[in-house]
Amino acid sequence: MAEAYIIDAVRTPVGRRRGGLAAVHPADLGAHVLNALVSRTGIDPAAVEDVVFGCLDAVGPQAGDIARTCWLAAGLPEEVPGVTVDRQCGSSQQAVHFAAQGVLSGTQELVVAGGVQNMSMVPIAYATRDAAVPLGLADGPFAGSEGWTARYGDLPVNQFAGAQMIAEKWGITRREMEEFALRSHRRAVTAIDEGRFDSQLAPIAGVSADEGPRRDTTLEKMAGLGPVLPGGSITAACSSQISDGAAAMLLASEEAVRVHGLTPRARVHHLSVRGEDPIRMLSAPIPATAYALKKTGLSIEDIDLVEINEAFAPVVLAWLKETGADPARVNPNGGAIALGHPLGATGVRLMTTLLNELERTGGRYGLQTMCEGGGQANVTVIERL
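Residues numbered from 1 in each chain as written. Predicted model: local features only at pLDDT ≥ 70, side-chain atom pairs only at ≥ 80, totals over all residues. Heavy atoms only, no water.

### Quick word on the overall build of the protein
And then number 1: The secondary structure content of the protein amounts to 12 helices and 10 strands.
And then number 2: Along the first, second and third principal axes, the C-alpha set of the protein runs to 60 × 45 × 45 Å.
And then number 3: For the protein, buried positions account for 60% of its 385 residues.
And then number 4: When contacts within the protein are restricted to residue pairs at least 6 apart in sequence, those whose partners lie at least 24 apart make up 80%.
And then number 5: As displayed, the protein has an accessible area near 14,300 Å², and 50% of this comes from carbon and sulfur atoms.
And then number 6: Here the protein holds 32 positive side-chain charges and 43 negative ones, and the gap between their average locations is 6 Å. (Helix = DSSP H or I, 4+ residues; strand = E, 2+ residues; numbered from the N terminus. Buried < 20%, exposed > 50% of the residue type's maximum accessible area, 1.4 Å probe, protein only. Contact = heavy atoms within 4.5 Å. Areas by Shrake-Rupley, 256 points an atom, 1.4 Å probe, with all protein chains shown as cover. Lys, Arg positive; Asp, Glu negative; His and termini not counted. Charge placed at Lys NZ, Arg CZ, Asp CG, Glu CD.)

So this is what it looks like as structure tokens:
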């Protein structure tokens, strides 16, 4: 049976909004991790058959097929093409899926998957911290669609409303969310202090560590924040941070491993994506995980480590309630609440961290999932070698 091997993965530190990476062009962020990946693996870059990058809000400096632009900005061979994927927050996890599927199909031997996002330079559409969160359809991407309106009416379609719906449906209190957020920061700070991220980072622009974790945050400080939505319980403290960053990984076939003298670190065990309610939007990791476990024949107890994107605290807390997973195995080095969420790069950032943590702890299977716009969720299971 064909295999898709993960050879290596690398990421920039995640920069805070308006932080150390804010002025770095997205093409240069992506170019940096691509050059780092080529250097670390020792591959001939001309042997790469495609570069698949995740990115959303592909406008301005992120427009024009940023995958291709990053590769060229890195000074790498012009004959290697690139393609940009938008599955919202899961864009670079989907890039891994497409790259792995190319290898598994036997049509490609060496493919780079990655992602990039500079949210300081290109703010997230319709949901920035500086603007009112839209509650209707008047200015959103669904405005004017007769089919959408006939099916879903004028219901709110935004991530904050979705997170609030999850908190209410699963009975998750604000205190529970804030305790989870505090744990995320503490785990991330511990990981940084213990050097757990060092081997996966490619410092850039004077930034050598993730900028997001807050060492001084407390439950008391979180309790003083106002809700994002009137009368709601979601605050900035239990939400992912607006961030900048890039990440990339190399996937290879068994033949490519042999020909290029590569040493695989893991193999792709499972790939799937599922969808559900696009209004609640963020709860799809729950049915997607159930689907993946059924397809693989694994149980949640077989999974040694989980990375689930902390878009909002209730996303992970509801997933934990439904799956019964051990919280100690979930985001053990913190998540996007502390480390940040550079949208198009987060999928490969998570997988890079998952790969390294499996090696550090000696685990076998790692599962990654994340909520995505439109009520979707990717699930990837990797097996450490």
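### Here we look at the nonpolar core
And then number 1: In this structure, Met177, Leu282, Phe312, Trp319 and Val330 are the most contacted members of the largest nonpolar core, which totals 50 residues.
And then number 2: When residues in this core are grouped by element, the largest group, seven residues, is from helix α10 (residues 313-323).
And then number 3: Beyond its immediate sequence surroundings of up to four residues, Phe312 is in contact with Gln159, Phe160, Ala163, Ile234, Cys238, Ser239, Leu282 and Ile337.
And then number 4: Ranked by size, the runner-up nonpolar core spans 38 residues in total, among them Ala36, Leu37, Val48 and Phe53. (Core = buried A, V, L, I, M, F, W, Y, C linked by side-chain atoms within 4.5 Å.)

### Thoughts on the confidence of the model for the protein
And then number 1: Averaged over every residue, the pLDDT of the protein is 95; the share at 70 or more is 96%.
And then number 2: Note that pLDDT drops below 50 for residues 126-137; the model gives that stretch 34 contacts with residues more than four away or on any other chain. (pLDDT = per-residue confidence, 0-100.)

### Quick word on the packing of aromatic side chains
And then number 1: This structure, assessed with the given rule, holds three aromatic pairs.
And then number 2: Between the aromatic rings of Trp148 and Tyr152, the centroid separation amounts to 4.5 Å while the plane-to-plane angle is 45°, which identifies the pairing as tilted. With Trp148 and Tyr152 both in helix α4 (residues 146-152) and four residues apart, the pair spans about one turn of that helix.
And then number 3: Between Phe160 and Phe312, the ring centres sit 5.5 Å apart and the planes meet at 75°, which makes this aromatic pair edge-to-face. Of this pair, Phe160 sits in helix α5 (residues 159-169) while Phe312 is found in the loop between β8 (305-308) and α10, placing the two residues 152 residues apart along the sequence. For the pair formed by Phe160 and Phe312, the shared burial category is buried. (Phe/Tyr/Trp six-rings, centres within 6.5 Å; stacked < 30°, edge-to-face > 60°.)

### Topic: the environment of Leu350
And then number 1: Position of Leu350 among the secondary structure elements: in helix α12 (residues 346-361).
And then number 2: It is 9.7 Å that separates the C-alpha atoms of Leu350 and Ser92, two residues lying 258 residues apart in sequence.
And then number 3: Setting aside residues no more than four positions away along its own chain, Leu350 makes contact with Glu307, Asn309, Gln368 and Met370.

### A word on the pattern of salt bridges
And then number 1: For the structure shown, the criterion picks out 15 salt bridges.
And then number 2: Residue Glu359 is joined to Arg265 by a salt bridge in which the shortest nitrogen-to-oxygen separation is 2.6 Å. Of the two residues, Glu359 sits in helix α12 while Arg265 sits in the loop between α8 (254-260) and β7 (266-275), which places them 94 residues apart along the sequence.
And then number 3: Given a relative accessible area of 34%, Glu359 falls into the partly exposed group.
And then number 4: Under the relative-accessibility criterion, Arg265 is labelled buried at 15%.
And then number 5: The closest approach of N and O atoms between Glu383 and Arg267, which form a salt bridge, is 2.7 Å. Remark: Arg267 occurs in strand β7 and Glu383 occurs in strand β10 (residues 376-384); sequence separation between them is 116 residues.
And then number 6: Given the relative accessible area of 16%, Arg267 is considered buried.
And then number 7: Connected through shared salt-bridge partners, Glu3, Arg267, Arg364 and Glu383 make up one network. (Salt bridge = Lys/Arg side-chain N within 4 Å of Asp/Glu carboxyl O.)

### Points about the layout of surface pockets
And then number 1: Its volume calculated, the second largest pocket comes out at about 340 Å³.
And then number 2: Classifying every residue of the lining of the second largest pocket gives six nonpolar, five polar and five charged. (1 Å grid on protein atoms, 1.4 Å probe; cavity = no way out; pocket = protein on both sides within 12 Å on 5 of 7 lines; lining within 4 Å. Points joined across faces, edges and corners; volume = space filled by probe spheres on them. Nonpolar A, V, L, I, M, F, W, Y, C, P; charged D, E, K, R; others polar.)

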